[in-house]
Every structure is written in C-alpha cells, then in structure tokens.
Amino acid sequence: MDPSFLTNSDASEAIPDTNTMSGASVDDIVETEFLIAGAGPAGASLACFLTSYGLKGIMISAAPGTEDTPRAHITNMAALECLRDLGLDREIRKVACDGEHMVHTRWCHSMAGEEYARIYSWGNDPRRKVNLESEFPCALAKREGKSNMDQGDYERASPCSPVDLPQTLLEPILVRYATWQGFTTRFDTTLLSFARDEKQRITATVRDNLSHKEYQIRTRYLFGADGARSQIVKQLGLPLTVKPGQGLAINVLVKADLSHLVAHRKGNLHWVMQPDRDHPSFGWMAIIRMVKPWDEWMFILFPTRGYDPASVSPSKEEYLHRVRELIGDETPAEILNISKWYINEIVAETYSDGNNVFCLGDAVHRHPPLNGLGSNTCIQDAFNLAWKIAYVHRGIAGAPLLSTYSAERQPVGHGIVTRANQAFRDHHQIWAALGMLGASLEERQRALEELTEPTAAGRERRQTLQKAVAHTAHEFHGLGIEMNQRYEGPGIYDADEADPFVLPGRAAEDPVLYYEPNTYPGCRLPHVWLNRAIPGQPVSTIDLAGHGAFTLFTGIGGFRQDWEDVYFEWERLCGVEESGAVLVRPDRYVAWRADSVLKDAAACEEKLSAVLKAILCVD
C-alpha cells in the first residue's frame with residue numbers, strides 16, 4: 001500500500017467524481033446509494049460533505065421546507081471549521097451576525113427596564129479575546145496572521161470566529177449547496193419504515209405528503225438525521241439514556257423594533273425576570289433572543305412549575321400582552337409564530353446499526369440550547385461520518401472503520417447533553433438570588449428589595465448573584481467543551497505514545513472553559529498561522545489539512561519548506577522533534593505522530609503505511 005495516494009496532493013485521484021444516483025428502476029423502486037432522512041443541520045451538512053467526495057444520493061424531509069422558526073443560532077468555531085472545508089464559511093459570514101451583536105448576555109427586569117447583571121459572551125471577553133499586553137489589536141492580529149502568542153484564547157483556537165446564525169438562514173445554505181452538487185432533495189416526504197435484505201441492501205418505504213402516495217427507495221446506506229422523534233432510531237430500537245427533563249419551554253417569535261434599546265444593551269441573549277410582579281402561568285420568566293438585529297426576536301417563555309399545557313391554552317392576545325410586559329415600553333410588537341418544546345436530557349448509547357445505518361444530530365442527542373451546542377454538534381457528527389463513508393465506499397478503507405463513528409461521536413454527544421443540562425441547572429442560583437423562586441409575591445418582592453440593602457443579608461444575596469453570574473462563563477465562554485473533544489479507538493493510532501493523554505495547561509483545571517491546542521493523537525489539529533519564505537497571504541494549518549485527504553506535517557524546523565513556521569508557533573505546539581511528523585485525518589483530527597523520522601527512507605514508508613492501514617482498518 002502506497003500511503004502517498006492519501007495525501008492532499010492526490011485527493012482528486014483517491015476519490016473520483018462519480019454520480020451514484022441512478023433514478024427509478026423498472027419495478028418502480030427508486031435506486032440510490034445514499035439516503036438521508038432529515039434535511040436539518042445534521043442531514044443537510046452530511047449531504048454537503050458527501051458531495052465533496054463525489055457521492056450523490058437522495059435527502060428527504062417530512063417538513064414542507066427548511067426550518068421556518070429560528071431554533072439553533074450560535075455557530076461555533078468547531079462547526080465553522082467543518083463548513084470551511086467546503087468554503088461555506090464565506091456564505092455564512094454574508095448572512096450571520098458577528099461578535100459585535102453577541103457581546104453580552106444580560107439579566108434584567110425588562111428590555112427597557114433595570115438591569116441586574118451582564119457577562120461577556122461568545123469570545124467577547126477582553127481577557128479571552130486578545131492578550132491585553134499585545135501591541136496588536138485582536139482584529140488586526142487575525143487579519144494579518146499575527147503570532148498566536150499575541151492573541152487571546154478564541155483567536156488562538158481557530159481561524160474562524162463565532163457567529164449568530166439562525167437555523168432559518170443556515171439550512172437554506174446547506175440544502176442549496178447539496179442540491180447544486182447533485183444531492184436530490186425531497187421535502188414533504190416522510191420515511192415510514194425500512195427493511196434490510198440478506199445482502200444488507202435497504203428498502204425504505206416513504207410517503208409523499210402531498211399526494212399521499214407511498215413508494216420505495218432502495219439504498220446501500222441509510223442515515224437517520226430525522227430529529228428528536230426519529231423513526232429510524234425508533235425502528236432500530238437504539239438504546240437511549242434518558243434522564244428526567246427540566247420542563248416545557250414556549251417559543252414566541254416576535255417582530256418588534258428594539259433598536260432604540262440596544263445601544264447600551266448589546267447582546268443576543270437577555271434573561272428577563274420580574275419577581276416583584278404577578279405573572280401568567282405560561283410565562284414565569286423569559287429569555288429574549290435576538291434573531292435579526294434589532295427587529296426580530298425569540299421570546300422563550302418558561303412556565304411555572306406544574307403548568308399543564310393540555311389544560312391551559314393562552315390566546316394569542318395573552319401571549320402578546322406578556323411579550324409587551326417583557327419589553328417594558330410601548331414598542332409595537334407582532335407575534336409571528338408560537339411553538340413548544342421540552343428540555344430533554346437524552347442520548348443514544350450507540351449511533352449506528354451494522355455498517356450501513358447511521359444516526360446523527362438530534363436523533364441521538366437531545367438537550368436544551370444552552371452552551372449553543374446543538375446544530376454545531378450535528379455538523380461535526382456529519383463531518384466525522386462523511387469521510388469514513390466515502391473511504392469505505394471507494395474501497396480505500398475497510399468496513400470496520402465505520403464502527404469508529406459511533407465510538408468517537410457518542411461520548412461527545414453524552415458530554416454535550418450533560419453540559420447543556422448542567423448549564424440550565426446553573427441558572428437556578430441566579431433565579432434564587434433575584435427572588436424568582438419565592439412561593440408568594442410578597443416573598444419575591446422582599447428578596448428583590450434585599451438585593452439593594454446595605455445589610456449582611458443584602459451582601460450575601462449580592463455575592464450569591466455575582467458568583468452565579470460569573471459561573472455562567474461555563475455556558476457563554478465554554479471554549480473547552482467546544483474544542484477539547486478527543487477521539488479514541490481504532491481510528492486513532494496512539495501506540496507510539498510514551499505516556500497516556502492528559503489535558504494540558506488550563507484545560508486540565510477547567511476543561512469546559514479552556515482549550516489548549518496540542519497534537520496528541522485523537523485531538524483536533526491546532527490552528528497556527530504559516531507563510532512563505534517570501535511572505536504572502538498567511539495560511540492556517542486548518543486550511544492545509546482536511547479537504548477529503550490525510551495530511552502529513554513534517555519538516556526541519558519550518559525553514560525553506562512548502563510553508564514556513566514564521567512565528568515558531570507550530571514548533572511550540574507540534575509535540576515532536578524537528579524531524580518528526582504529525583499525520584492528520586480528513587476531519588482534521590490528529591491520527592498519529594512520530595517524534596522523529598527514521599533515517600532509512602524505506603523504513604519510514606513502511607511505518608507510515610502500517611499506521612495508515614491500522615487507522616483505515618485495512619488488512
């Protein structure tokens with residue numbers, strides 16, 4: 001086996017461009033190689049990634065079109081790096097809101113009223129955005145590719161920056177790209193059931209929701225990206241770890257121009273609490289979330305404990321009245337949509353069944369949107385799965401490689417479900433400090449008054465509030481939970497490592513808050529700015545890797561190589577000697593590293609070949 005055919009320079013030869021979709025057969029069964037159920041962030045991104053390998057198929061969705069309510073919205077750097085592989089990060093930046101619109105999360109009495117507290121969010125804390133001792137402003141540093149040592153945590157972590165992108169804008173970008181690249185998309189089409197024959201070919205029965213006609217699609221691979229009520233997960237009987245949920249939430253999408261309020265209240269999340277007032281049972285408190293600056297908002301209402309939506313049905317006028325109370329002035333408001341959802345804590349114990357049915361996204365991990373991990377994890381599920389499907393389908397890798405998808409991604413899903421629910425529970429301390437948990441109006445009013453009193457009790461309440469708000473940095477600046485993901489198993493070769501993996505630096509002290517880049521096998525490739533000997537446009541290591549191929553980073557001290565380690569940052573992070581090498585998978589995770597290269601060229605080739613065979617599960 002010649003490992004050179006797996007490098008970036010040979011990616012086009014390794015994965016030829018072919019169309020696997022053959023249309024309908026004579027017996028009126030539609031034939032395809034790849035069938036994706038679900039066209040949300042998980043399914044649509046998977047279709048996009050598969051097309052990058054020349055693989056085409058069919059994507060169906062029971063919905064009439066892309067999402068009509070802006071559910072997920074925070075798009076983090078880990079997900080953007082995946083989409084950057086296709087150039088879609090540029091499309092996203094055209095329609096997304098940048099960090100200026102995401103600078104704070106606030107707690108207040110109303111949008112127009114008093115503020116209790118605020119915290120920097122999503123990479124905007126000056127202490128984490130940029131090194132305050134640096135001579136380079138953070139924006140200039142990123143644009144000019146300044147040394148990572150001159151930047152803060154977020155700019156050191158990635159060439160991308162977090163953005164606010166409502167799901168209503170993300171999904172059309174993904175579906176359009178997949179469709180243009182040859183993936184057929186059918187909305188209003190429900191997957192009813194599927195069966196596998198003795199050759200493991202899958203026949204799915206689907207229904208056209210407009211004509212009510214049922215027909216069949218025969219496929220080699222089936223992907224369940226069909227959301228929290230996944231028919232595929234249900235039929236497979238995938239075991240689920242289910243913990244008690246944390247209640248109901250009600251999304252009220254509102255058109256209201258609040259631009260006159262945000263000049264000194266900038267941020268995309270605003271917790272509104274009115275402990276000194278009576279409240280309707282359906283709207284105890286709310287998060288007001290920016291959808292479109294600054295005239296479209298999602299009011300996420302949290303009902304009182306014990307609220308029964310089956311017995312209480314507020315009118316649209318009652319919802320509007322509550323919305324106006326939460327805004328706090330006479331701003332005109334219009335309700336565009338009302339929907340309900342439950343705060344779940346559910347994760348599948350395995351994501352696949354055999355070598356041709358795989359589930360991803362909300363089908364296998366369900367949790368509240370705190371920490372902004374939902375659609376981001378969906379996209380990363382797809383990025384992990386797509387290259388493995390492509391390599392096995394093309395005969396480059398052995399079928400056992402496909403089992404590494406569940407082995408690698410399920411622990412991630414378990415971690416983000418746990419973190420998102422813990423983030424929600426962490427808010428209880430804030431609610432208590434502000435008096436929201438009092439049983440009576442008088443008790444709540446007294447607690448809020450105490451917050452301003454120069455007494456020992458007032459001081460204790462203020463300190464409780466300050467500590468609780470500071471702790472939400474784990475939600476709003478949880479860079480570690482986004483970037484510290486590490487894979488283990490056959491898809492990673494760590495047999496040459498002298499010591500077991502240990503989280504380095506601050507990440508060891510707090511793995512939710514902090515990310516420390518390193519090249520231990522199973523970790524994501526660190527972002528470092530490189531350049532040429534005759535300087536030109538800087539390039540990130542992130543952009544040199546990926547694109548469907550394995551990448552080998554090596555070279556003598558970064559001098560007179562294809563790319564130069566101009567700040568000696570790669571030398572600091574690479575974890576190997578000058579003559580060593582770091583092998584990176586197509587999903588930009590470190591597959592293996594060698595501390596130093598063997599002197600004999602034949603021995604080097606033999607070693608690299610053996611490593612690749614192990615990773616790709618090739619006999």
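Note that the structure is predicted; figures quoted are calculated from it, not measured. (Residues numbered from 1 in each chain as written. Predicted model: local features only at pLDDT ≥ 70, side-chain atom pairs only at ≥ 80, totals over all residues. Heavy atoms only, no water.)

Can you help me understand the environment of His367 in this one?
Mapped onto the elements, His367 comes out in the loop between β23 (365-366) and α11 (374-393). As a C-alpha pair, His367 and Ala382 span 15 residues in sequence and 18 Å in three-dimensional space. The residues touching His367, leaving out its near neighbours within four places in the chain, are Asn344, Leu373, Gly374, Ile416, Val417, Ala420 and Asn421. (Helix = DSSP H or I, 4+ residues; strand = E, 2+ residues; numbered from the N terminus. Contact = heavy atoms within 4.5 Å.)

Explanation requested: the packing of helix α4 (residues 88-95) against helix α8 (residues 167-180) in the structure shown.
Angle between the axes and distance between the axes: these two values describe a pair of packed helices. α8 packs onto α4 with a crossing angle of 145° between their chain directions and a minimal axis gap of 10 Å. With respect to the hand of their crossing, α4 and α8 are arranged in right-handed fashion. Residues Leu88, Glu91, Ile92 and Val95 of α4 lie in contact with α8, whose contacting residues are Leu169, Leu170, Ile173, Leu174, Arg176 and Tyr177. (Axes fitted to C-alpha atoms, helices over the stretch in contact; angles between N-to-C directions. Left-handed = near helix turned anticlockwise from the far one by under 90°.)

In this structure, what is going on with the domain arrangement of the protein? I would like to understand it.
Interfaces are often sized by the accessible area lost when the parts come together. Here the protein is described as being made up of domain 1 (27-133 + 149-405) and domain 2 (505-616). Just the C-alpha atoms count here: the centres of domain 1 and domain 2 sit 32 Å apart. On the side of domain 2, 26 residues touch domain 1, which itself brings 25 residues to the contact. In total, about 2,100 Å² of surface goes out of reach between domain 1 and domain 2, with carbon and sulfur atoms giving 46% of it. The largest contributions to the domain 1 side of the interface with domain 2 come from Asp85, Arg156 and Trp387, which together make up 27% of the buried area. (Domains from an automatic or database assignment. Buried area = accessible area lost by both parts, 1.4 Å probe.)

Explain helix α3 (residues 77-84) to me, please; I cannot follow it from the model alone.
In an α-helix there are 3.6 residues to a turn, and that puts residues three or four apart on one side. Of all eight residues making up α3, eight are buried, and the element is well covered by its neighbours. Taken together, the buried positions of α3 are occupied by Met77, Ala78, Ala79, Leu80, Glu81, Cys82, Leu83 and Arg84. Residue Asn76 occupies the N-cap position of α3, its side-chain oxygen lying 3.1 Å from the main-chain nitrogen of Ala78. (Buried < 20%, exposed > 50% of the residue type's maximum accessible area, 1.4 Å probe, protein only. Polar contact = N/O pair within 3.5 Å; in protein donor to acceptor, adjacent residues only side chain to side chain.)

I'm lost on the sheet that holds strand β6 (residues 104-108) in this one. Help?
Strands in a sheet are paired, the pairing made by backbone hydrogen bonds, and the direction either parallel or antiparallel. Pairing in this open sheet of seven strands is mixed, and the strands run β7-β6-β16-β17-β18-β15-β19 from one edge to the other. The strands lining the two open edges of the sheet, one partner per strand, are β7 (115-120) and β19 (334-342). Ignoring which end each strand starts from, the neighbouring axes of this sheet average 20° apart. Bridge analysis of strand β16 (residues 269-272) against strand β17 (residues 285-292) gives four bridges, and the strand direction is antiparallel. Paired with His270 across the two strands is Ile288, which belongs to β17. The sheet strands contacting helix α15 (residues 456-471) are β6 and β7, and the helix crosses β7 at an angle near 35°. (Pairing = 2+ DSSP bridges.)

Explain the pattern of salt bridges to me, please; I cannot follow it from the model alone.
Oppositely charged side chains may form a pair once their charged atoms are brought near each other. Tallying each qualifying case throughout the model produces 36 salt bridges. Between Glu115 and Arg118 there is a salt bridge, and its shortest N-O distance comes to 2.8 Å. Taking relative accessible area as the criterion, Arg118 reaches 34% and is therefore assigned partly exposed. If you follow the salt bridges from partner to partner, you end up with Arg128, Asp153, Arg156, Arg506 and Glu516 in one network. (Salt bridge = Lys/Arg side-chain N within 4 Å of Asp/Glu carboxyl O.)

Teacher, can you tell me more about the state of the cysteines here?
Here is the idea: a disulfide is a covalent bond, and it sits between the sulfur atoms of two cysteines. All told, the structure shown has zero disulfides when counted by the stated rule. Sulfur of Cys160: no disulfide; nearest cysteine sulfur belongs to Cys82 and is 9.4 Å away. With no disulfide of its own, Cys574 lies 14 Å from the sulfur of Cys523, the closest cysteine sulfur. Residue Cys574 is classed as buried on the basis of its relative accessible area of 5%. (Disulfide = S-S within 2.5 Å.)

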